[in-house]
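Commentary on secondary and tertiary structure
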Amino acid sequence: MSLFWFVVGQLASTETMSTSKKVITRDEWERKLNDVKIRKEDMNKLVMNFLVTEGYVEAAEKFRMESGTEQIADIDLMTITDRMAVKKAVQSGNVEDAIEKVNDLNPEILDTNPQLFFHLQQQRLIELIRNGKVEEALEFAQEELAPRGEENQSFLEELERTVALLAFEDVSNCPVGDLLDISQRLKTASEVNAAILTSQSHEKDPKLPSLLKMLIWAQNQLDEKAAYPRINDLSTAVLEDPSI
């Protein structure tokens, strides 16, 4: 992320400028950018961190062998397979299987994280409603979720919102229909993934997305002070000529 540090440097160098914007040509920008030195091994570790955290076990192993990058914090790449099995189970709607797999990995994860356990049970309720099992859904909500809602106001609100799905024949147009979107499964799966990583004393979020967000922030700050070749499409990282 040499560009990020360069943008930060340019931002700092323009702090005392007048209200008129400084114009930085592409040649000048690229010349200064080339002066910023980032070690290849640091870039490799950044990539490995992303692959391991997101669970791309085969890609991580292949990248480790080709780049010579050591496993991050002595991570056993085989543990990624177990973590991804849990994530896949939630994403496919098989929450009971996911809970069993989490307990096989480490029963303390759910024992010490009531919010995560509630969200998994909430997802089980959502899947029952999705499959049209109304009576089973009501019984499950009353026996498993209602007692937790009595102890926690936020849980109660989430439960009421979920049960409200049963009041609509056409859930696609109801106010809480988003609970049946794939995004809800992904949200729950991401929460489980983060909890497992934390239990293994690993970072729950990869560094790369955070650095990209910092790059966007730095560019937005610099936009107020200078016209320069900026990256508008992060997927290509192409420098576009400054608009004067």
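So, how was this worked out
- Residues numbered from 1 in each chain as written.
- Predicted model: local features only at pLDDT ≥ 70, side-chain atom pairs only at ≥ 80, totals over all residues.
- Heavy atoms only, no water.
- Axes fitted to C-alpha atoms, helices over the stretch in contact; angles between N-to-C directions.
- Helix = DSSP H or I, 4+ residues; strand = E, 2+ residues; numbered from the N terminus.
- Contact = heavy atoms within 4.5 Å.
- Nonpolar A, V, L, I, M, F, W, Y, C, P; charged D, E, K, R; others polar.
- pLDDT = per-residue confidence, 0-100.
- Buried < 20%, exposed > 50% of the residue type's maximum accessible area, 1.4 Å probe, protein only.
- Arc of directions from axis to C-beta.
- Phe/Tyr/Trp six-rings, centres within 6.5 Å; stacked < 30°, edge-to-face > 60°.

**What to know about the packing of helix H3 (residues 40-54) against helix H12 (residues 207-223)**
- At a minimum axis separation of 8 Å, H3 and H12 run at an interaxial angle of 115°. From H3, Leu46, Asn49 and Phe50 reach across to H12, where they touch Lys207, Leu208, Pro209 and Leu211.
- Its residues assigned to classes, the contact of H3 with H12 comprises five nonpolar, one polar and one charged.

**Points about the confidence of the model for the protein**
- Taken as a whole, the protein shows an average pLDDT of 85; of its residues, 88% reach a score of 70 or greater.
- Per-element confidence in the protein is highest for helix H8 (residues 114-130), whose mean pLDDT is 96, and lowest for helix H1 (residues 2-13), whose mean pLDDT is 59.

**Quick look at helix H2 (residues 26-34)**
- Those residues of H2 lying buried are Glu28, Trp29 and Leu33. Taken around the axis of H2, the buried residues stretch over an arc of 130°, which confines them to a single face. Away from the buried face of H2 by more than 90 degrees, exposed residues Asp27 and Asn34 are located.

**Comments concerning the packing of aromatic side chains**
- Overall, the coordinates contain two aromatic pairs when judged by the stated rule.
- Their ring planes at 5° and their centres at 4.3 Å tell us that Phe118 and Phe155 sit as a pair that is stacked. Of this pair, Phe118 sits in helix H8 while Phe155 sits in helix H10 (residues 153-163), and the two are 37 residues apart along the sequence.

**Observations concerning unusual backbone geometry**
- Despite not being glycine, Ala237 has its phi angle at roughly 60°, a positive value.
- Here Ala237 lies in the loop between strand S3 (230-231) and strand S4 (239-240).

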